[in-house]
Amino acid sequence: MRKIGNIRKRYLTRERLMLIVEYLVSPSKQRQWTESTRRDWEVFLADYTGNIERLYRELRYQVFAPAPFKIFEKKEGEKIRRIYASYPREQIVDLLLTDCLEYVFTEKKRLIPSNCYGSIKGKGQHAMRRKIIRMVRGRKDLHVYKGDTRKYYPTMDHDYLKRILRTHIKDQWMLWLCDLTIDRMTEGKGVALGLPSSNILGHVYHSEIDRTIIKDYGFKHYYRFCDDKFIISEDKNYLHTGARVMRDLVENAGQHIKEDWRVLNCAHQQFDCLGALINSKTARLRSASRRTMERRMLKIQLSPYKPMECLRAWSGMKGSLRDLNVEGLLRLWKDRYAEFFRRIGCDMRQLRRERIARRKHKRLERILTNAVDCRTVKIPFDEPIHAKEEAA
């Protein structure tokens, strides 16, 4: 197996570090800053050139020592996640490592299968959800295995991850940088949730399991979003075999599958796919999601009439509704959420009146534009009028 080298010469340059800083201080990133983050970046940018030069030399001679994490907890639904934030120097180094890892594992080695999603450009949760919906819609002979890894990022074994990295990377400088990032988490387990490099490291950690499931066991319709796994097949018994294989492979990697894994019939049973219920004709919004969409809808209501945006917000979908069969869903919600649809109906009628008025205005404008102004019409005579009057 060919290993990738010469990564330091390709990626460790002053120009790349400056480009990373420009990206991290862009307006879109600054909107997510806290006051503490803003103060840290003001100190770093006060001596911009000197800090870049010092950071470049520390990375080149492998004497860079990262500062401790800033740890805070974030509540997502019923879960409480521990998020790790870094100072500007550590953020720059982590983004540099992310570029190197993507170069090795996505450009050169292409180790991550095409049916793996999550933190990959163009392959977010909505793309994966649309893929699964198109596959199971209208099919009565398909079954789905759905499983999830318990505490995916906090339970990654460092020795297992380092072995995979050394199997594919020859450059000693990059291996030093990977070990420096991984060893920031104590007790030999886990990667920091919230760093860009954690996403690509999570895919690398699961890459051998993905290849075994796809190539050795022949599961063509296998999909993974970070720690969520889906296998679609016509043979229910074969899916149970796949569930046992998945459990053994994940345990060999030092992790465990949650006990709530299931094998479902697509025609008769619902299953949750990244926050949305598949088989949506009988879907119902969760209470927390419904309250969130109500607040979003009220904000949209304060703006000029935008009924379709309200409808998208209420349905909990981002972007277009064209990939879902929502007729039965809307019919069901009209009974449960009559007040919302009454508002939507008022907005629709108002919008219809505005469109009719706009069409009338456009028609009148078109008539006036095409009309001939008599004051600008040339008189169809060869000689001017005043000459005819003088001759008379």
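These lines cover the structure that appears in this document, whether it is placed above or below. (Residues numbered from 1 in each chain as written. Predicted model: local features only at pLDDT ≥ 70, side-chain atom pairs only at ≥ 80, totals over all residues. Heavy atoms only, no water.)

## Overview of the overall build of the chain
- Helices and strands together make up the secondary structure of the chain, namely 17 helices and nine strands.
- Once local pairs closer than 6 in sequence are excluded, the contacts in the chain between residues at least 24 apart make up 72%.
- Counting every atom, the chain has about 23900 Å² of accessible surface; 50% of that belongs to carbon and sulfur. (Helix = DSSP H or I, 4+ residues; strand = E, 2+ residues; numbered from the N terminus. Contact = heavy atoms within 4.5 Å. Areas by Shrake-Rupley, 256 points an atom, 1.4 Å probe, with all protein chains shown as cover.)

## Some words on the pattern of salt bridges
- Under the definition given, this model contains 14 salt bridges.
- Here Arg14 and Glu53 are joined by a salt bridge, their closest N and O atoms 2.7 Å apart. One end of the pair, Arg14, is in helix α2 (residues 14-24); the other, Glu53, is in helix α5 (residues 48-60), with 39 residues separating them in the sequence.
- Arg14 sits in the partly exposed class, given a relative accessible area of 31%.
- The partly exposed category is assigned to Glu53, whose relative accessible area is 26%.
- Close ionic contact of Asp210 with Arg224 constitutes a salt bridge, the shortest N to O distance being 2.9 Å. Here the residue Asp210 occupies a position in helix α11 (residues 207-216), and Arg224 occupies one in strand β5 (residues 222-225), the gap between them amounting to 14 residues. Assigned by exposure class, Asp210 and Arg224 land together as buried. (Salt bridge = Lys/Arg side-chain N within 4 Å of Asp/Glu carboxyl O. Buried < 20%, exposed > 50% of the residue type's maximum accessible area, 1.4 Å probe, protein only.)

## What about the packing of helix α4 (residues 35-46) against α5?
- Where α4 meets α5, the axes come as close as 5 Å, and the angle between the chain directions of the two elements is 90°. As summarised for this structure, α4 and α5 are arranged roughly perpendicular, according to the angle between their axes. Residues Val43, Phe44, Leu45 and Ala46 of α4 touch α5, and the partners they reach there are Tyr48, Asn51 and Ile52.
- Considering only residue class, the contact of α4 with α5 consists of six nonpolar, one polar and no charged. (Axes fitted to C-alpha atoms, helices over the stretch in contact; angles between N-to-C directions. Parallel < 35°, antiparallel > 145°, perpendicular 65-115°, else oblique. Nonpolar A, V, L, I, M, F, W, Y, C, P; charged D, E, K, R; others polar.)

## As for the pairing of strand β4 (residues 143-148)
- Along β4, six of the six residues are buried, which leaves the element largely enclosed by surrounding structure.
- Of the two faces of β4, the one holding His143, Tyr145 and Gly147 and the one holding Val144, Lys146 and Asp148 are both buried throughout.
- With six bridges connecting them, β4 and strand β6 (residues 228-233) associate as antiparallel partners. Bridge pairing in β6 places Gly147 opposite Lys229.
- Bridging between β4 and strand β7 (residues 262-265) involves four bridges; their strand directions are antiparallel. Paired with His143 across the two strands is Asn265, which belongs to β7. (Pairing = 2+ DSSP bridges.)

## So, the layout of surface pockets
- Computed from the structure, the second largest pocket encloses a volume of approximately 1200 Å³.
- Looking at the second largest pocket, it is lined by 34 residues, and the ones nearest its centre are Leu24, Lys29, Gln32, Gly194 and Pro196.
- Residues of the lining of the second largest pocket, tallied by class, amount to 15 nonpolar, 13 polar and six charged. (1 Å grid on protein atoms, 1.4 Å probe; cavity = no way out; pocket = protein on both sides within 12 Å on 5 of 7 lines; lining within 4 Å. Points joined across faces, edges and corners; volume = space filled by probe spheres on them.)

## Describing the environment of Ser36
- Mapping Ser36 onto the fold places it in helix α4.
- Residue classification places Ser36 among the partly exposed residues on the basis of a relative accessible area of 30%.
- Separated by 51 residues in the primary sequence, Ser36 and Tyr87 place their C-alpha atoms 9.7 Å from one another.

## Re the sheet that holds β7
- A sheet is described by the order of its strands in space; here five strands give the open sequence β3-β5-β6-β4-β7, paired in mixed fashion. At either margin of the open sheet sits one strand with a lone partner, and together these are β3 (116-117) and β7.
- Packing against the sheet, helix α7 (residues 125-136) makes contact with β3, β4, β5 and β6, and its axis sits at approximately 155° to β5.

## A word on the packing of α2 against helix α6 (residues 88-108)
- Contact pair α2 / α6: the axes reach a minimum separation of 10 Å and the direction vectors enclose 110°. On the basis of the axis angle, α2 is roughly perpendicular to α6. Helix-helix and strand crossings are classified by hand; for α2 and α6 the assignment is right-handed. Seen from α2, the contacting residues are Arg16, Leu17, Ile20, Val21, Tyr23 and Leu24; seen from α6, they are Gln91, Ile92, Leu95, Leu96 and Asp99.
- Of the residues belonging to the contact of α2 with α6, the class tally is eight nonpolar, one polar and two charged. (Left-handed = near helix turned anticlockwise from the far one by under 90°.)

## A word on α5
- Spanning 13 residues, α5 covers 18 Å between terminal C-alpha atoms, matching the ideal 18 Å at 1.5 Å per step.
- Along α5, the residues that are buried comprise Gly50, Asn51, Ile52, Leu55, Tyr56 and Leu59.
- On its buried face, α5 sits against α2, α4, α6 and α9 (172-182).
- Where α5 terminates, the next one or two residues include Gln62, which has phi positive at roughly 55°. (Expected span 1.5 Å × (residues − 1).)

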